[in-house]
Amino acid sequence: MAAKKESTAPEAAAAVATPGTPAEQGPTEPVPTGRPGPRRARVGRARARVAALLADPVAPLMALALIVGFSVGMRSIDLGQPCTSPCRASDPHTLIFDEDYYVNAARVIAGINPPAGAPYHGAPLGKDPNAEHPQLAKLVMAGGIELFGDNALGWRIGSVIFGTIALLALYALVVGAGGSGWLAAGATGVMALDNLLLVHGRIATLDIYVVAMMLVSGALYVRNRPLLAGLALGVAACMKEVGVYLAFVVILLEASTIARLRWGRGEGLPAADRARREVASVRGCAIFLASGALSFVGLLWLLDVQVPAYDPGRHVTYGGNPFSHIAHIYNYALLLTAKPELHGIASNPWEWLLNQVPINYAKVAVNTVVHGVVVASRATVYFRGEINPFVIFLAIPALAAAAADWWRTGERVAAVGVCWCLGAFLPFLAGRVIESRVTYLYYMVIVMPGVYIVCARLFARRPGLGAAAAVGWALALAYGFAHLYPLRTLL
């Protein structure tokens, strides 16, 4: 009987009558049988395979390798552009933006007298005539000239290398702060698609050198290596003096950690545990700052001994007293004041948040002329100091979301992103407001790592946004990257 009831139960269920004729009832849907169809089963198996691949701890590293390979390729291709044919000697190559100063300074360090009319022509060979900045990045450029010759590869290979270091160090920073490998790969991907970092990662200026070493220092610090982080900070400051702004990032990070312990979400901790954490924060920050200061002064002293800085305006050599050199750097910076009556490439820090006043670094255009009149112009090479708009326009909401998440949950990655944005940006803002310092959009190079982090994490662990929003943003980033990519003949 039991077997009979079991076999007839489906028939009984199917025989239940419903009012109306079949036409009145409308189309009927198939009754689920409990087993998926072949197509649904295949889709399910494919999703399971993809989920397993994404869950593999090696997968983010593979994504990182693809991102780094793509970035190196985009920054290395046609490294000599812009250039007049046949591009075999140094003269046909166009120096881009501030390369005019740094490349010629590197030439003097390498024992090459710059061409007549160029900056630092006739400066003492073997010295650094660009005394307003520390020597280390220009020394790397001089090494490239020694290895590869006085050509674009020699000048710019260091930027390609340090741009790659910056990508790897950003990944290490996010993972060291407790973020997942995929979040780190996402932040690195955003960095690779930002035009400002791409341009500075292939031209011979100081900014990519300093941001790379700042990221190395930050990655060491979040791994509780304050001494090594301080040493890296000194190296960053010897690339360009704005590397010291990482000190503000770390101070803000530890101060906010203590504030949250005392007045935020730390009430549930025993007083002894809170005190222990506060002491650890203060101790790590103090070691970092002390070792960073000693590293900066010691390395600058060594540089001044080996490659003395030379001020061509006053004919003064800084060759063994790092404090006099630091004073010269500071006094030179004070002279760079904004002149509101002059409209040029200078901009205010608050304008950077709107991507305003981008800088045209170099442009080569093909003109169509009809009867002596230019009727059309097409840029073939166009280097611009401009941030990918789909990054910068998301920065403020992403920053607010990261700050809220950090205060609520104590997420370390959110704290690092917020403190990097504020700690690197606010000194520029203060200098502009208090001292009327002249500022430029490309100063955002050292601020952008924090922006990459908060923007990437906005799409992480937020099911409400959905994968579609992340994919849409990725497509927008790719469009912004292609739109601003400097070698227009490749697109």
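Treat the numbers as computed from the prediction; the structure is a model and nothing was measured.

The rules behind these values
- Residues numbered from 1 in each chain as written.
- Predicted model: local features only at pLDDT ≥ 70, side-chain atom pairs only at ≥ 80, totals over all residues.
- Heavy atoms only, no water.
- Helix = DSSP H or I, 4+ residues; strand = E, 2+ residues; numbered from the N terminus.
- Expected span 1.5 Å × (residues − 1).
- Buried < 20%, exposed > 50% of the residue type's maximum accessible area, 1.4 Å probe, protein only.
- Axes fitted to C-alpha atoms, helices over the stretch in contact; angles between N-to-C directions.
- Parallel < 35°, antiparallel > 145°, perpendicular 65-115°, else oblique.
- Contact = heavy atoms within 4.5 Å.
- Nonpolar A, V, L, I, M, F, W, Y, C, P; charged D, E, K, R; others polar.
- Core = buried A, V, L, I, M, F, W, Y, C linked by side-chain atoms within 4.5 Å.
- Polar contact = N/O pair within 3.5 Å; in protein donor to acceptor, adjacent residues only side chain to side chain.
- Salt bridge = Lys/Arg side-chain N within 4 Å of Asp/Glu carboxyl O.
- Patch = residues over 30% accessible without salt bridge, like charges linked within 9 Å, V, L, I, M, F, W, Y side chains within 5 Å.
- Areas by Shrake-Rupley, 256 points an atom, 1.4 Å probe, with all protein chains shown as cover.
- Phe/Tyr/Trp six-rings, centres within 6.5 Å; stacked < 30°, edge-to-face > 60°.

A.B. asks: What's the story with helix α10 (residues 207-222) in this structure? I'm lost.
C.D. replies: Given 3.6 residues per helical turn, the α-helix brings residues three or four places apart onto the same face. Taking 1.5 Å of rise per residue, the 16 residues of α10 would be expected to cover 22 Å, and the 23 Å separating its terminal C-alpha atoms lies within 8% of that figure. With 14 of its 16 residues buried, α10 lies for the most part within the structure. Directly after α10, the chain includes Asn224, whose backbone phi takes a positive value near 60 degrees.

A.B. asks: Honestly, unusual backbone geometry in this entry has me stumped. Any pointers?
C.D. replies: If a residue is not glycine, its phi is most likely negative; likewise, a peptide bond is most likely trans. Here the residue pair Gln81 and Pro82 is connected by a cis peptide bond, since its omega of -5 degrees sits within 30 degrees of zero. Note on placement: Pro82 falls in the loop between α4 (59-76) and α5 (99-109). Even without being glycine, Asp78 reaches a positive phi, approximately 50 degrees. Judged by its relative accessible area of 39%, Asp78 falls in the partly exposed class. Not every positive phi belongs to a glycine, and Asn355 is a case in point at roughly 60 degrees. For Asn355, the location among the structural elements is in the loop between α15 (349-352) and β3 (359-370). Owing to a relative accessible area of 8%, Asn355 belongs among the buried residues under this scheme.

A.B. asks: Mind showing me how you'd approach the packing of helix α12 (residues 245-263) against helix α13 (residues 271-306) here?
C.D. replies: Axes are the key here: two packed helices are described by the angle between their axes and the distance separating the axes. Between α12 and α13, the least distance of the axes is 10 Å, while the angle of their chain directions is 175 degrees. Taken as axis vectors, α12 and α13 run roughly antiparallel relative to one another. Of the residues in α13, those touching α12 at Leu246, Ala247, Val250, Ile251, Glu254, Thr257, Ile258, Leu261 and Arg262 are Arg274, Arg277, Glu278, Ser281, Val282, Cys285, Phe288 and Leu289. The class makeup of the residues in the contact of α12 with α13 is 10 nonpolar, two polar and five charged.

A.B. asks: Would you mind going over the nonpolar core with me for this structure?
C.D. replies: One broad trend across soluble globular proteins is that nonpolar side chains are buried collectively. Grouped together as the largest cluster of nonpolar side chains are 121 residues, with contacts concentrated most on Met444 and Ile446. Discounting chain neighbours no more than four positions away, the residues touching Met444 are Leu196, Trp352, Ile387, Ile392 and Phe425.

A.B. asks: Help me understand helix α8 (residues 181-192) in this model?
C.D. replies: Look at α8: 16 Å from first C-alpha to last across 12 residues, which is about the 16 Å you get at 1.5 Å a residue. When you tally the buried positions in α8, you get 10 out of 12 residues, the bulk of the element. Within α8, the full set of buried residues consists of Gly181, Leu183, Ala184, Ala185, Ala187, Thr188, Gly189, Val190, Met191 and Ala192.

A.B. asks: Can you help me understand the environment of Ile387 in this one?
C.D. replies: With respect to the helices, strands and loops of the structure, Ile387 is situated in the loop between β4 (373-385) and α16 (389-392). With 61 residues separating them in the primary sequence, Ile387 and Met448 have C-alpha atoms 9.2 Å apart. With residues near it in sequence (within four places) discarded, Ile387 still touches Asp194, Leu196, Trp352, Asn355, Ile392, Leu441, Met444, Met448 and Leu484.

A.B. asks: Hey, could you run me through the side chain of Glu132 in this one?
C.D. replies: Structurally, the position occupied by Glu132 is in the loop between α5 and α6 (136-148). Among the polar contacts made by the side chain of Glu132, one reaches the side chain of Asn130 at a distance of 2.9 Å. Beyond its immediate stretch of four places on either side in the chain, Glu132 contacts Tyr120, Glu241, His328, Ile329 and Tyr332.

A.B. asks: Just checking my understanding: could you explain the pattern of salt bridges for this structure?
C.D. replies: Should their charged atoms come close, side chains of opposite charge can pair. In this structure the tally under the stated criterion is 10 salt bridges. Ionic pairing is found between Lys138 and Asp128, a salt bridge with its closest N-O pair at 2.8 Å. With a gap of 10 residues between them, Lys138 in helix α6 and Asp128 in the loop between α5 and α6 connect regions that are remote in the sequence. Judged on exposure class, the residue Lys138 and its partner Asp128 are both buried. Measuring nitrogen to oxygen at the nearest pair gives 2.9 Å for the salt bridge that ties Lys240 to Asp207. Of the two residues, Lys240 is situated in the loop between α11 (226-239) and α12 and Asp207 in helix α10; the sequence distance between them amounts to 33 residues. Accessibility expressed as a relative area gives 6% for Asp207, which makes it buried.

A.B. asks: How do you make sense of a nonpolar patch on the surface when you look at a structure like this?
C.D. replies: The grouping of Val58, Leu61 and Met62 at the surface amounts to a nonpolar patch, some 290 Å² of accessible area in total. Within the secondary structure, Met62 sits in helix α4. The exposed category is assigned to Met62, whose relative accessible area is 54%.

A.B. asks: Honestly, the packing of aromatic side chains in this entry has me stumped. Any pointers?
C.D. replies: The relative placement of two aromatic rings is captured by the distance of their centres and the angle of their planes. Scanning the model with the defined rule gives 18 aromatic pairs in all. Clustering of aromatic rings is evident, with ring pairs tying together Phe97, Tyr245, Phe248, Trp352, Tyr361, Phe425, Phe428, Tyr440, Tyr442 and Tyr443.

A.B. asks: When you look at the packing of helix α17 (residues 395-409) against helix α19 (residues 448-458) in this model, what are you seeing that I'm missing?
C.D. replies: Interhelical geometry of α17 versus α19 gives an angle of 75 degrees and a closest axis separation of 8 Å. It follows that α17 is roughly perpendicular to α19 by the angle criterion. Seen from α17, the contacting residues are Ala395, Ala398, Leu399, Ala401, Ala402 and Asp405; seen from α19, they are Val451, Val454, Cys455, Arg457 and Leu458. Tallied by class, the residues present in the contact of α17 with α19 amount to nine nonpolar, no polar and two charged.

A.B. asks: I would appreciate a short explanation of the side chain of Thr380 in the present structure.
C.D. replies: Secondary-structure assignment places Thr380 in strand β4. The contacts of Thr380, once residues within four sequence positions are left out, are Val364, Ala365, Val366, Pro486, Leu487, Arg488 and Thr489.

A.B. asks: Please explain the environment of Met448 as it appears in this structure.
C.D. replies: On the secondary structure map, Met448 appears in helix α19. Along the chain, Met448 and Gly417 lie 31 residues apart, while their C-alpha atoms are 9.7 Å from each other. Non-local contacts of Met448, meaning those with residues more than four positions away in its chain, are made with Asp194, Leu196, Leu197, Ile387 and Val391.

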